[in-house]
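Topology and contacts: notes
Residue-level listing of the chains:
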Amino acid sequence: MRQSMPRYPIEGVFRAHIPDIWTVLGSPQTTAAYMAFIMAVSATQGVRMDSLNLVAKNMVVSFHYTLKDKEGQVLDSSSGSEPLAYLHGYGQIVSGLEAALLGKAPGAQFTVVVEAKDGYGVREDQLVISVGKSEWTLPDTVGVGEIIELQSPEGQVIPARIVEMNDQSVVLDANHPLAGEDLHFDVELLSVRAATAEELAHGHAHGVGGHQH
Ligand SMILES: [Zn+2]
């Protein structure tokens, strides 16, 4: 599977595929340091030396994932549908997963456990809100377990789940449903490419699994 090392014009590879590699590497001074990094990555991931598109800032990354809770129950998965595509380096996926993807090459498969604080955050008690029944204007058909949208004074919409209802009040939980959960991701990295100028201007990935417009 592993091929002998092809002879690349190193500067060309760097410019073509890994625009922010110096940022990723912490500004190494020499090409030798870069090559050592590439070889270390390819050794640990078993990738071919000609797969030099590594996940870094301003790269468009496409991957399949399955998200499980700590009991192994599947919470979400891209399996059977389009992979997820995102622009790396802008917090568009949970930070722990974004960190785990950094430096990886197409074809990499790995499992990562993301702690709640690096996932959807820890649960916050102040996000459990009690609303007086007199202020409650939603129809009777809306009951416990349903998600409603709260609007902040700034116009931001925050989803909240109805957790309790009685004659006096309605209790809402505006924590993310996965707040407080450690997230177990199985990841298959499909492709990594440099973002286009348009994608960088828009701040997101275009095409399959990204924005379509
Ligand atoms: Zn766009």
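Fair warning: this is a prediction, and the values are worked out from it, not measured in the lab. (Residues numbered from 1 in each chain as written. Predicted model: local features only at pLDDT ≥ 70, side-chain atom pairs only at ≥ 80, totals over all residues.)

**Brief notes about the overall build of the chain**
Spelled out, the test is: Secondary structure follows DSSP: runs of H or I at least 4 residues long count as helices, runs of E at least 2 residues long count as strands, and numbering of each begins at the N terminus. In this scheme every C-beta is placed from the backbone, and a residue whose C-beta has 20 or more other C-beta atoms within 10 Å is buried, one with 12 or fewer is exposed, and one in between is partly exposed. Each residue is represented by a C-beta atom placed from its backbone, and any two residues with such atoms within 7 Å are regarded as in contact.
Tallying secondary structure elements over the chain gives five helices and nine strands in all. Element order for the chain, N to C, with α for helix and β for strand: α-α-α-β-β-β-α-β-β-β-β-β-β-α. Looking at the 213 residues of the chain, the share that counts as buried comes to 20%. For the chain, long-range pairs separated by at least 24 residues make up 68% of all intrachain contacts whose partners lie at least 6 apart in sequence.

**Some words on the nonpolar core**
Defined as follows: Here, a nonpolar core means buried Ala, Val, Leu, Ile, Met, Phe, Trp, Tyr and Cys residues linked by C-beta atoms lying within 7 Å of one another.
Ranked by internal contacts, the top residues of the largest apolar core, which has 25 residues, are Val55, Met59, Val60 and Val61. Those elements that place two or more of their residues in this core are strand 1 (59–68), strand 3 (84–87), helix 4 (95–101) and strand 9 (183–194). In this structure Val55 touches Val61, His88, Leu101, Leu102, Gly103, Lys104 and Val192, once residues within four positions along its chain are discounted.

**A look at the confidence of the model for the chain**
In low-pLDDT regions, the fine details of the predicted coordinates are not to be read closely. Here is the rule: The predictor attaches a confidence to each residue, and that confidence, scored 0 to 100, is pLDDT.
Across the chain, pLDDT averages 81, with 76% of residues at or above 70. Low pLDDT, under 50, characterises residues 1–30; the stretch is placed with 34 contacts to residues that sit more than four places away or in other chains.

**A word on unusual backbone geometry**
One non-glycine residue with positive phi stands out, namely Asn58, at about 75°. Tracing the sequence through the fold places Asn58 in the loop between helix 3 (31–45) and strand 1. Residue class for Asn58 comes out partly exposed when judged on the 16 C-beta atoms lying within 10 Å of it.

**Some remarks on the sheet that holds strand 7 (residues 157–165)**
This is how the line gets drawn: Paired strands, as defined in this entry, are two strands with at least two bridges between them according to DSSP. For helices, the axis comes from a line fit to the C-alpha atoms of the stretch in contact; other axes are also lines fit to C-alpha atoms, and the angle between any two N-to-C directions lies between 0 and 180 degrees.
Read across the sheet, four strands follow the order 5-8-7-6 without closing on themselves; strand pairing throughout is antiparallel. Of all strands in the sheet, those bounded by a partner on one side alone are strand 5 (128–132) and strand 6 (147–151). Strand-to-strand, the axes of this sheet are offset by a mean angle of 40°, without reference to chain direction.

**Comments concerning the pairing of strand 8 (residues 169–173)**
What you see with strand 8 is a clean split: Val170 and Leu172 sit on the buried side and Ser169, Val171 and Asp173 on the side with no burial. Pairing between strand 5 and strand 8: five bridges, direction antiparallel. When the bridges of strand 8 are listed, Gly132 appears paired with Ser169. With four bridges connecting them, strand 7 and strand 8 associate as antiparallel partners. By the bridge assignment, Glu164 is partnered in strand 8 with Val171. In this structure, the hairpin formed by strand 7 and strand 8 is closed by a connection of three residues.

**Topic: the environment of Leu54**
Within the fold, Leu54 resides in the loop between helix 3 and strand 1. Remark: the alpha-carbon pair of Leu54 and Val192, spanning 138 residues in sequence, is separated by 6.4 Å.

**Describing the environment of Gly89**
Mapped onto the elements of the fold, Gly89 is located in the loop between strand 3 and helix 4. Taking the C-alpha atoms as reference points, Gly89 and Asn58, 31 residues apart in sequence, are found 6.5 Å from one another. Ignoring any residue separated from it by four or fewer positions in sequence, one finds Gly89 in contact with Lys57 and Asn58.

**Quick look at the environment of Val171**
By the secondary structure assignment, Val171 is in strand 8. On the neighbour-count criterion, Val171 (16 C-beta atoms within 10 Å) is partly exposed. As for Val171 and Lys133, which are separated by 38 residues in sequence, their C-alpha atoms are 9.8 Å apart. Not counting the four nearest positions on each side in its chain, Val171 is found in contact with Val128, Ser130, Val163 and Glu164.

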